[in-house]
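So you can see what is in the structure, the chains are spelled out below.
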Amino acid sequence: VSISVGGRRGWDQHSNLRAGLKHNAEVIDQPIAALLSDLKQRGLLKSTLVLWGGEFGRTPTAENAEQADGRNHFPRGYTMWLAGGGVKRGITYGKTDELGATIVENKVHIHDLHATLLWLMGLDHRKLTYRYGGRDQTIADIHGKVVEGIFA
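Residues numbered from 1 in each chain as written. Predicted model: local features only at pLDDT ≥ 70, side-chain atom pairs only at ≥ 80, totals over all residues. Heavy atoms only, no water.

Chemist: Explain the pattern of salt bridges residue by residue, including any values.
Modeler: Summed over all chains, the structure comprises seven salt bridges. The closest approach of N and O atoms between Arg-131 and Asp-136, which form a salt bridge, is 3.0 Å. Residue Arg-131 is classed as exposed on the basis of its relative accessible area of 57%. Asp-136 sits in the partly exposed class, given a relative accessible area of 32%. (Salt bridge = Lys/Arg side-chain N within 4 Å of Asp/Glu carboxyl O. Buried < 20%, exposed > 50% of the residue type's maximum accessible area, 1.4 Å probe, protein only.)

Chemist: Can you lay out the packing of aromatic side chains for me, pointing to particular residues and giving the numbers?
Modeler: For the coordinates displayed, the defined rule picks out two aromatic pairs. Taking 6.0 Å as the distance between ring centres and 80° as the angle between the ring planes, the aromatic pair formed by Trp-11 and Trp-52 counts as edge-to-face. Placement of Trp-11 in the segment before α1 (17-41) and of Trp-52 in strand β1 (residues 49-52) is noted, with a sequence separation of 41 residues between them. What makes Trp-11 partly exposed here is its relative accessible area of 33%. Among the residues examined, Trp-52 registers a relative accessible area of 26% and is labelled partly exposed. Pairing Trp-52 with Trp-81 gives two aromatic rings, centres 6.4 Å apart and planes at 20°, and the pair type is stacked. Of this pair, Trp-52 sits in strand β1 while Trp-81 is found in strand β4 (residues 81-84), placing the two residues 29 residues apart along the sequence. Judged by relative accessible area, which is 28%, Trp-81 ranks as partly exposed. Among the aromatic residues, those joined into a ring-pair cluster are Trp-11, Trp-52 and Trp-81. (Phe/Tyr/Trp six-rings, centres within 6.5 Å; stacked < 30°, edge-to-face > 60°. Helix = DSSP H or I, 4+ residues; strand = E, 2+ residues; numbered from the N terminus.)

What follows is the structure, given as structure tokens:
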């Protein structure tokens, strides 16, 4: 199941970042907490993997600062979080520099995330390999590595 939440402009805050992010956080905070509480109360959180994130982050520097506060797309460093489904509670994995511009510790490539999600669901992405265009292909690329450091 996939759920998308956001205001009129969603999460794409090239302008009015402070107001837009505040609004979106207020809209989603209680529902996501309720979802996790409900799954835990019903004994389903251990067998349900919850992923929160987007396809990119935001630049550590402002965009159009003279007109309105905003940030550009930034695929080199961003946050995703996981809950339940065999993931450790309360940890942070990975770290950027003080500006948020460069990953300095425990880099997780998107292929690694895909491999890890599949592993947590009981699938080995390396066994889902097929030959196409003269090279091996998988859903997590052949270079994706399972990030075992997040397992409970």
